[in-house]
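# Residue-level structure breakdown
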Amino acid sequence: MRPRFWLQEENIETVLMNPNIASVQTNAEGEKQSDTVYFLPVTPQYVEDVIKREKPDGILLSMGGQTALNVGEYWGGADCTQCG
């Protein structure tokens, strides 16, 4: 979760989508992994719902493996910047 630390140092609010609640519960950082955590599947529809609610300036795709990359490719034309 290094990108979160870098963003936090710049006082940038972060939102995490993670379908695996256990990865947050067993991580030493726990719920501090992000300012807001959504326990939702990483699919185009759920990402769209979170984008509409959060209105992000950018999307960081580095933490979700191939699933996040696939959704990022789907959302390539979204009104926010893909940061990685």
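An account of the accompanying structure is given in this report. (Residues numbered from 1 in each chain as written. Predicted model: local features only at pLDDT ≥ 70, side-chain atom pairs only at ≥ 80, totals over all residues. Heavy atoms only, no water.)

Mapped onto the fold, Arg53 is located in helix 3 (residues 44–54). Reaching out from Arg53, the side chain makes a polar contact with the side chain of Tyr38 at a distance of 3.2 Å. (Helix = DSSP H or I, 4+ residues; strand = E, 2+ residues; numbered from the N terminus. Polar contact = N/O pair within 3.5 Å; in protein donor to acceptor, adjacent residues only side chain to side chain.)

Here we take up the nonpolar core. Considering soluble globular proteins, one finds that nonpolar side chains tend to be buried as a cluster. Ranked by size, the top nonpolar core spans eight residues in total: Met17, Tyr38, Val47, Val50, Ile51, Ile59, Leu61 and Val71. When residues of this core are assigned to their parent elements, the largest contribution, three residues, is made by helix 3. (Core = buried A, V, L, I, M, F, W, Y, C linked by side-chain atoms within 4.5 Å. Buried < 20%, exposed > 50% of the residue type's maximum accessible area, 1.4 Å probe, protein only.)

Among the secondary structure elements, Val15 is positioned in strand 1 (residues 15–17). Counting along the chain gives 22 residues from Val15 to Val37, while the straight-line C-alpha distance between them is 5.8 Å. Not counting the four nearest positions on each side in its chain, Val15 is found in contact with Ser34, Thr36, Tyr38, Val50 and Glu54. (Contact = heavy atoms within 4.5 Å.)

To continue, consider the pattern of salt bridges. Summed over all chains, the structure comprises one salt bridge. Close ionic contact of Glu48 with Lys52 constitutes a salt bridge, the shortest N to O distance being 3.2 Å. With a gap of four residues between them, Glu48 and Lys52 both fall in helix 3, about one helical turn apart. (Salt bridge = Lys/Arg side-chain N within 4 Å of Asp/Glu carboxyl O.)

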